[in-house]
Amino acid sequence: MPHHQPDAVVLLGDLEPDWLDVLGKFGDLPVFGVYGNHDDGRYLEARNTTDLHLTWAEVGDLRFTGFQGCVRYRRGAPLQYSQGEALRLARR
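Keep in mind the model is a prediction, meaning the values are calculated, not measured.

The rules we used
Residues numbered from 1 in each chain as written. Predicted model: local features only at pLDDT ≥ 70, side-chain atom pairs only at ≥ 80, totals over all residues. Heavy atoms only, no water. Pairing = 2+ DSSP bridges. Helix = DSSP H or I, 4+ residues; strand = E, 2+ residues; numbered from the N terminus. Core = buried A, V, L, I, M, F, W, Y, C linked by side-chain atoms within 4.5 Å. Buried < 20%, exposed > 50% of the residue type's maximum accessible area, 1.4 Å probe, protein only. Contact = heavy atoms within 4.5 Å. Lys, Arg positive; Asp, Glu negative; His and termini not counted. Salt bridge = Lys/Arg side-chain N within 4 Å of Asp/Glu carboxyl O. Polar contact = N/O pair within 3.5 Å; in protein donor to acceptor, adjacent residues only side chain to side chain.

A. Main features of the pairing of strand S5 (residues 62-65). Relative to S5, strand S4 (residues 56-59) is paired through four bridges, and the arrangement is antiparallel. When the bridges of S5 are listed, Val 59 appears paired with Leu 62. Connecting S4 to the next strand, S5, in antiparallel fashion are two residues, including Gly 60 with a positive phi near 60°.

B. View of the nonpolar core. Counting residues in each nonpolar core, the largest one holds 13 residues, and the members touching the most others are Val 9, Leu 11, Leu 20, Leu 23 and Leu 44. Of all the secondary-structure elements, those providing two or more residues to this core are strand S1 (9-11) and helix H1 (83-91). In this view, Val 9 contacts Leu 23, Leu 29, Pro 30, Val 31 and Phe 32; residues no more than four positions away in its chain are not counted. Formed by five residues, the second largest nonpolar core is a distinct cluster that contains Phe 32, Leu 52, Ala 57 and Val 59.

C. Inspection of the side chain of Asp 39 at higher detail. With respect to the helices, strands and loops of the structure, Asp 39 is situated in the loop between strand S2 (31-33) and strand S3 (50-51). Look at Asp 39: it is buried, it has no salt bridge, and the nearest opposite charge is Arg 42 at 9.9 Å. Separated by 2.6 Å, the side chain of Asp 39 and the backbone nitrogen of Gly 36 make a polar contact. If we ignore the near neighbours within four places in the chain, the residues touching Asp 39 are Gly 13, Asp 14, Leu 15 and Leu 79.

D. Seen up close, the sheet that holds S2. The sheet built from three strands is open, its strands ordered S1-S2-S3 with parallel pairing. Every other strand in the sheet has two partners, leaving S1 and S3 as the edge strands with one partner each. In terms of strand pairing, S2 meets S3 through two bridges, oriented parallel. Note that in S3 the partner of Gly 33 across the bridge is Asp 51.

E. Focus on the pattern of salt bridges. Inspection of the entire model under this criterion finds five salt bridges. A salt bridge links Asp 18 to Arg 47; its shortest N-O distance comes to 3.3 Å. With a gap of 29 residues between them, Asp 18 in the loop between S1 and S2 and Arg 47 in the loop between S2 and S3 connect regions that are remote in the sequence.

Purely geometric numbers; function is a separate question.
Shown next, in the form of structure tokens:
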């Protein structure tokens, strides 16, 4: 079986912070992510992960961008947006 070395890791939110600890075994591997609608918005930077919300990063010829959260389904919930709010944020 061939050995595959990843060029980057992309995380899509709603993770337990401890799950990211294993990524340290890959050394200087770039790790990118966004928060999901059930996240607290505090663990990516603490785990040396680049938060891609409303920004971008490149690895080789690939460009990654991100948008955190989801469509609002519960009033007052963090990281949830109305369609109008999401549109305004994405246009920035």
